[in-house]
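Residues per chain, in single letters:
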Amino acid sequence: DRFGEADRYYATLYHELAHATGHPSRLNRPGIAEIGEFGSHRYADEELVAEMGAAYLCAVAGIGGARDEEDHAAYLQGWISRLKGDPRLIVYAGARAQRAVDLITNAAFAAEVAEAA
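This report concerns the structure included in the present document. It should be emphasised that the depicted structure is a prediction, and the values quoted were computed from it without experimental measurement. Sequence order sets the numbering: in each chain, residues are counted from 1 along the sequence as written. Thresholds applied to this predicted model are a pLDDT of at least 70 for local features of residues and 80 or more for the giving and counting of side-chain atom pairs; totals over whole chains, interfaces and linings are not thresholded and use all residues. No hydrogens and no water enter the side-chain calculation; it runs on all heavy atoms of the structure.

### Here we look at the side chain of T21
Put simply, the rule is: Segments assigned H or I by DSSP are reported as helices when at least four residues long, segments assigned E as strands when at least two residues long, and all are numbered from the N terminus. Think of it in three bands: with a 1.4 Å probe and only protein chains considered, a residue is buried below 20% of the maximum accessible area for its type, exposed above 50%, and partly exposed in between. Polar contacts, as counted here, are pairs of nitrogen or oxygen atoms within 3.5 Å of one another; within protein the pair requires one atom able to donate a hydrogen and one able to accept it, and residues that are adjacent in sequence qualify only if both atoms are side-chain atoms. Contacts are assigned to residue pairs that have any heavy atoms within 4.5 Å of one another.
Relative to the helices and strands, T21 resides in the loop between α1 (6-20) and α2 (30-33). Residue classification places T21 among the buried positions, given a relative accessible area of 4%. For T21, the side chain forms a polar contact with the side chain of R29, separated by 2.9 Å. Every residue in contact with T21, bar those within four places of it in the chain, is listed here: R26, L27, N28, R29, A100, L103 and I104.

Set out below in structure tokens:
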């Protein structure tokens, strides 16, 4: 009931699942392994990874428009200066998000993670 509709619930769940893949025992992303203060560059980077991962997972699940576009834009607005400061960030975040999705869906990188452990 708190989410209003199932798509919003799953979009939030996927965002949190993407964060969980950053744990040191999984993909060991700096934004999770070395927790950054709210608003820090590390925090912003990790939030972008989680948002992109959630978007990818929504696409895999066939969930379209799961988040209110205005809410989503307002959320990302807080990180826009970080994106402007490092144009490569979107590429790095996209790659990290894809690795998170691959781990969640047990795709190609799951084997790589197991080998690294």
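### Description of the pattern of salt bridges
Filter applied, for reference: A carboxyl oxygen of Asp or Glu within 4 Å of a side-chain nitrogen of Lys or Arg is what we treat as a salt bridge.
Scanning all chains against the criterion turns up two salt bridges. For the salt bridge of R29 with E46, the shortest nitrogen-to-oxygen distance reads 2.8 Å. In this pair, R29 sits in the loop between α1 and α2 while E46 sits in helix α3 (residues 41-61), placing the two residues 17 residues apart along the sequence. Across the pair, exposure class does not vary: R29 and E46 are buried alike. Between D86 and R88 there is a salt bridge, with its nearest N and O atoms 3.3 Å apart. The exposure class of D86 is buried, given its relative accessible area of 14%.

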